[in-house]
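Architecture and fold: a report
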Amino acid sequence: MSNAWEQQVRRVVPYTPGEQPDFPDMIKLNTNENPYPPAPGVQKAIQEMEAEPLRLYPAPGADALVDALAEYHKVKKEQVFVGVGSDDVLAMAFLTFFNSEKPILFPDITYSFYDVWADLFRIPFQRQPLDQELSLRPEDYFGENGGVVFPNPNAPTGLLLPLTAVEEIVSHNQDVVVIVDEAYIDFGGESALPLVSKYENLLVVRTFSKSRSMAGLRIGYAIGSEKLIKYLNDAKYSFNSYTMNRPSLELGTAALADESYFCEMTEKIIATRERAKKELAELGFCFGDSKANFIFAMHPKVNAEELFLALKEKHIFVRYFKKPRIDQYLRITIGTDEQMDQLFAFLKEYLQKRGVL
Ligand code: PMP
């Protein structure tokens, strides 16, 4: 029996983030972080940073970063919204735009924060099953709904929808807001950003956590029509005026200035990913054609949870989801070439020991 006050608590089943173990010898391939450091300009900006200005509140409109992002993406600054990681941006977007009695739609296998925010904000939702190959079918999103959200590439599958398919979803849903979560788009996908000028109801969400190696700083942003961004800001200012702290604003702006480092690092990760596909295929793993910085793989002759635990024992961390349809898969973040080689060596030995290689 709970107390009277407890019966009024807004209860939620929280999202479970990936583990953040801290062993000196670990190979951390479990939370889709970038294995390379942020752009050198970020380090330089940290060294030049002064403590004194921290006594002042940051700019509530996060102007420096918003301006830099607007220039980078060739949009107006009124089309840019920033937040504390894309989780913050997505949560604010759910709160602002998903306010219908009709259910919002998202895939059954997707970023597992979507149903948590929906529960938290009491938004009805419906999961649309991915097909046999774990691909998203655009036509599943054409029916009446209260909004649509999906990652492209999808997580944890890594599978990319071509821009034409994304546009089909948006064009069939012009009476609701469509959120395309592009956390992993920089690893080889075609962004929906060019569609923003065509569809007033399309919000594209991005992050500095993956391709810009800044998960620790918590910077995310959204680009959409001026109207969408105004509504998002109205909700933000009704919640917390100063979401972005001064160091994040400064360091995020510094990161954007170095395009060549950004391209070099994302290309490096893409090359390692493509090599990883060959290595994993040779070991007998099955997986889709990931366009993200991770591969979602299963081995027909190996129990995924057992392999996950065996890897963990060796301080090789990958992500395992004990959920229907995907409980035989492991999501493996792309690390450095050296880290991946250690993973392949372990897998080879593991499979040989079990006589399945
Ligand atoms: N969207 C997707 C699909 C993700 O996988 C993640 C990472 N957990 C996020 C959004 C949130 O990333 P962040 O808050 O670090 O920007």
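My aim in this report is to walk through the structure given alongside it, one point at a time. Position numbers for residues count from 1 along each chain, tracking the sequence in the order it is written. It should be noted that, the model being predicted, local features are given only for residues of pLDDT at least 70 and side-chain atom pairs only at 80 or more, the latter also being counted only at that level, while totals for whole chains, interfaces and linings use all residues. The side-chain figures draw on all heavy atoms in the structure; neither hydrogens nor water molecules are used.

What follows deals with the sheet that holds strand S6 (residues 178-181). Backbone hydrogen bonds are what pair the strands of a sheet, in a parallel or an antiparallel way. Whether two strands pair depends on DSSP finding at least two bridges between them. Here a helix means four or more residues in a row that DSSP labels H or I, a strand means two or more in a row labelled E, and each is numbered from the N terminus. Strand order in this open sheet of 7 strands is S2-S8-S7-S6-S5-S3-S4, and the pairing throughout is mixed. Here the strands that pair on one side only, and so sit at the sheet edges, are strand S2 (80-83) and strand S4 (125-128). Put simply, the sheet's adjacent strands are angled 20° from each other on average, direction ignored. Note: strand S7 (residues 202-207) against strand S8 (residues 220-223), 4 bridges, orientation antiparallel. If you follow Arg 206 over to S8, its bridge partner there is Tyr 221. What makes two residues a contact is simply this: any of their non-hydrogen atoms within 4.5 Å. Angular values range over 0 to 180 degrees, each being the angle between N-to-C directions of two axes fitted as lines to C-alpha atoms, with helices fitted over their stretch in contact. Sheet strands in contact with helix H6 (residues 163-171) are strand S5 (147-151), S6 and S7, and its direction is about 165° off that of S5. Where helix H7 (residues 226-237) meets the sheet, it contacts S2, S7 and S8, and its direction lies at approximately 30° from that of S2.

This brings us to the packing of helix H4 (residues 85-97) against H7. Contact pair H4 / H7: the axes reach a minimum separation of 9 Å and the direction vectors enclose 100°. Considering their axes alone, H4 and H7 lie roughly perpendicular with respect to each other. Facing H4, whose interface residues are Met 92, Ala 93, Thr 96 and Phe 97, H7 presents Leu 228, Tyr 231, Leu 232, Ala 235 and Lys 236. Only Asp, Glu, Lys and Arg are considered charged, only Ala, Val, Leu, Ile, Met, Phe, Trp, Tyr, Cys and Pro nonpolar, and every remaining residue, Gly among them, polar. When grouped by side-chain class, the residues that make up the contact of H4 with H7 number 7 nonpolar, 1 polar and 1 charged. For this classification, under 35 degrees means roughly parallel, over 145 means roughly antiparallel, 65 to 115 means roughly perpendicular, and everything else is oblique.

It is worth spelling out the pattern of salt bridges at this point. By definition, a salt bridge exists where a carboxyl oxygen of Asp or Glu is found within 4 Å of a side-chain nitrogen of Lys or Arg. Taken as a whole, this structure holds 25 salt bridges when the rule is applied. Across the salt bridge formed by Asp 341 and Arg 275, the nearest N and O atoms sit 3.0 Å from each other. In this pair, Asp 341 is assigned in helix H11 (residues 337-353) and Arg 275 in helix H9 (residues 259-282), connecting sequence segments 66 residues apart. Overall, the relative accessible area of 36% leaves Asp 341 in the partly exposed class. Only protein chains enter the area calculation, which uses a 1.4 Å probe; residues under 20% of their type maximum are buried, those over 50% are exposed, and those in between are partly exposed.

A large share of strand S10 (residues 294-298) lies buried, amounting to 4 of its 5 residues. Relative to S10, strand S9 (residues 286-287) is paired through 2 bridges, and the arrangement is antiparallel. Paired with Cys 286 across the strands is Met 298, a residue of S10. Bridging between S10 and strand S12 (residues 330-333) involves 4 bridges; their strand directions are antiparallel. Residue pairing across strands places Phe 296 opposite Arg 331, the latter belonging to S12.

Working definition: residue near molecule or strand if any one of its non-hydrogen atoms lies within 4 Å of it. Around the ligand there are 14 residues in total, and Ser 86, Asp 181, Tyr 184, Thr 207 and Ser 209 lie nearest to it. Whenever two N or O atoms come within 3.5 Å, that pair is a polar contact, provided that in protein one can donate a hydrogen and the other can accept it, and provided that, for residues adjacent in sequence, both atoms are side-chain atoms. Interatomic distance of 2.6 Å between a side-chain N/O atom of Tyr 184 and an oxygen atom of the ligand. In short, Shrake-Rupley with a 1.4 Å probe defines the accessible areas, and a residue's cover is counted only from the protein chains shown. Considered on its own, the ligand offers 400 Å² of accessible surface; in the complex 91% of this is hidden by protein. For each structure, a 1 Å grid was placed over the protein atoms alone; sets of points admitting a 1.4 Å probe that cannot get out are labelled cavities, open sets with protein on both sides within 12 Å along at least five of seven lines are labelled pockets, and lining residues have an atom within 4 Å of a point. For a cavity or pocket, the test is whether more than half of a molecule's atoms lie within 2 Å of its grid points; if they do, the molecule sits there. With respect to the pocket detection grid, the ligand is positioned in the largest pocket. In terms of residue count, H4 provides more of the shell around the ligand than any other element does, 4 residues in total. Split into classes, the residues belonging to the shell around the ligand amount to 6 nonpolar, 4 polar and 4 charged.

The next thing to look at is the layout of surface pockets. The computed volume of the largest pocket comes to approximately 1,000 Å³. For the lining of the largest pocket, the secondary structure elements donating two or more residues are H4, strand S3 (104-107) and helix H5 (114-120). Class assignment for the residues of the lining of the largest pocket results in 20 nonpolar, 11 polar and 13 charged. Grid points are joined across faces, edges and corners, and a volume is the space filled by probe spheres set on the points.

Moving on: the environment of Leu 307. Turning to its location among the elements, Leu 307 is positioned in helix H10 (residues 304-313). Judged by relative accessible area, Leu 307 falls into the buried class, the value being 2%. For the pair Leu 307 and Tyr 320, spaced 13 residues apart in sequence, the C-alpha to C-alpha distance is 9.6 Å. Not counting residues up to four positions away in its chain, the partners in contact with Leu 307 are Phe 285, Val 302, Leu 330, Phe 346, Leu 347 and Tyr 350.

With that settled, the discussion passes to empty space enclosed by the protein. Applying the stated criterion across every chain yields a total of 2 cavities of 30 Å³ or more. Along the walls of the largest cavity sit Ala 39, Ser 211, Arg 212, Ser 213, Ala 255, Asp 258, Tyr 261, Phe 262 and Met 265, which together make up its complete lining. Top element by residues in the lining of the largest cavity is H9. It accounts for 3 residues. Residues that form the lining of the largest cavity fall into these classes: 5 nonpolar, 2 polar and 2 charged. Roughly 30 Å³ of volume is contained in the second largest cavity. Phe 285, Ala 297, Met 298, His 299, Val 302, Ala 304, Leu 307, Gln 328 and Leu 330 together form the lining of the second largest cavity. Within the residue set of the lining of the second largest cavity, elements represented by two or more residues are S10 and H10. Across the lining of the second largest cavity, the residue classes tally to 7 nonpolar, 2 polar and no charged.

By themselves these figures say nothing about function.
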